[in-house]
Amino acid sequence: MSDTDNVQDDDGSSEDEAAKKPRSFWKELPLLIGIALLLALLIKTFLVQAFSIPSESMQETLQKGDRVLVDKLTPWFGAEPERGEVVVFHDPGGWLNDTAVVEPNAVQKVLSFIGLMPSAEDKDLIKRVIAVGGDTVECKVGGSVHVNGKALDDKSYIAPKGAPCDDMPFGPLKVPDGKIWVMGDNRANSLDSRYHRKLATKGFVDNDEVVGRAVVVAWPISRWATLPVPDTFDQPGLASATAAAVSVAPGALGLAGALPLVLWRRKRLSGARTDR
């Protein structure tokens, strides 16, 4: 028998054949579960996370009990909240003091930790960004919200029969750099930036408190829908000079970072063709 001959097992199979036999499904199941949980945790931490809508403050855009998926990846690349986006953000301080938090059970805590269900413990809010750093925002009784002197078509997204701000007029206010002014779509039932102007934050939300942008209603299936930015926020002249410069910066940085990678790839492909 040569050195290269396979040694036969008692059942007539070779060692190589025995080595190729698949492992039992039940032995691999714990590994598969572990990998799935790790991926879920990574997705929740860096990519997307589910949040539950706890109130009627964003009707009719969002209903109480809806589940939305929030993009958490974009902020990692320097993107900041933009006008018209629906965003989830941490309590800036004092916004949810009177809100009761339901204590979850052990299973709910584990599932929320890995991102398989919304967390009931986190003090997070969801509102629409109306103005960003550098903007001037105001709203008078009987009128629409104005950003940098431009009237917003509030009726395209606020609750039907809802007044833009008759219950709590404000402004004009200058939004500090690095902060946003937020309002709920259900203006008559939303304790948003307007109602927290006496706090230390003066009603503004720091960009660092923003978890991410809500991009889609994922549950219930009957209400599945994307959450686009209303057209009124794209009207000419709305952006202030300062805000426009800030919004361009992340894109410019992204292009500058991608350029060396593209050049390296082109050089590598050119080298490969030359070798042939």
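In what follows, the structure referred to is the one given above.
Because the structure is a prediction, the values reported are computed rather than measured.

Conventions adopted
Residues numbered from 1 in each chain as written. Predicted model: local features only at pLDDT ≥ 70, side-chain atom pairs only at ≥ 80, totals over all residues. Heavy atoms only, no water. Salt bridge = Lys/Arg side-chain N within 4 Å of Asp/Glu carboxyl O. Helix = DSSP H or I, 4+ residues; strand = E, 2+ residues; numbered from the N terminus. Buried < 20%, exposed > 50% of the residue type's maximum accessible area, 1.4 Å probe, protein only. Pairing = 2+ DSSP bridges. Disulfide = S-S within 2.5 Å. Core = buried A, V, L, I, M, F, W, Y, C linked by side-chain atoms within 4.5 Å. Contact = heavy atoms within 4.5 Å.

**Details of the pattern of salt bridges**
- Summed over the entire model, instances satisfying the criterion amount to eight salt bridges.
- The residue Arg 83 makes a salt bridge to Asp 135 at a minimum N-O spacing of 2.7 Å. Of this pair, Arg 83 sits in the loop between β2 (67–71) and β3 (86–90) while Asp 135 sits in the loop between β4 (124–132) and β5 (136–139); the two residues are 52 residues apart in sequence, bridging distant segments of the chain. Pair check on accessibility: Arg 83 and Asp 135 agree, each one buried.
- Connected through shared salt-bridge partners, Asp 167, Asp 192 and Arg 194 make up one network.

**A few points about the pairing of β3**
- The buried fraction of β3 is high, at four of five residues.
- Taken together, the five bridges between β3 and β4 define a ladder with antiparallel strand orientation. Residue pairing for β4: Val 88 is matched across the bridge by Ile 126.
- Across three bridges, β3 lies against strand β11 (residues 210–219) in antiparallel orientation. Considered in β11, the bridge of Val 87 is made with Arg 213.

**Observations concerning the pairing of β11**
- As paired strands, β2 and β11 are joined by five bridges and run antiparallel to one another. Following the sheet pairing, Leu 69 is matched in β11 by Val 216.
- Strand direction decides the pairing type here: β11 and strand β12 (residues 225–226), joined by two bridges, are antiparallel. Residue Val 217 lies in a different strand from β12, and its bridge partner there is Ala 225.

**Points about the state of the cysteines**
- Tallied over the entire structure, the rule returns one disulfide.
- The residue that forms a disulfide with Cys 139 is Cys 165, at a sulfur-sulfur distance of 1.7 Å. For the disulfide bridge between Cys 139 and Cys 165, the dihedral angle about the S-S bond is near -85°, and by the sign convention the bridge is left-handed. Taken together, the residues span a long stretch of sequence, with Cys 139 in strand β5 and Cys 165 in the loop between β7 (150–151) and β8 (170–174) at a distance of 26 residues.
- By relative accessible area, which is 0% here, Cys 165 ends up buried.

**Observations regarding the nonpolar core**
- Judged by nonpolar contacts, the single largest core of 18 residues is most densely connected at Ile 130, Val 137, Val 145, Val 147, Leu 152, Phe 170 and Trp 181.
- Secondary-structure elements contributing two or more residues to this core are β4, β5, β6 (145–147), β8 and β9 (179–183).
- If we ignore the near neighbours within four places in the chain, the residues touching Val 137 are Ile 130, Ala 131, Val 145, His 146, Val 147, Phe 170, Gly 171, Pro 172, Leu 173, Val 175 and Trp 181.
- If you look at the next biggest cluster of nonpolar residues, it comprises 13 residues, including Val 68, Val 88, Ile 126 and Val 217.

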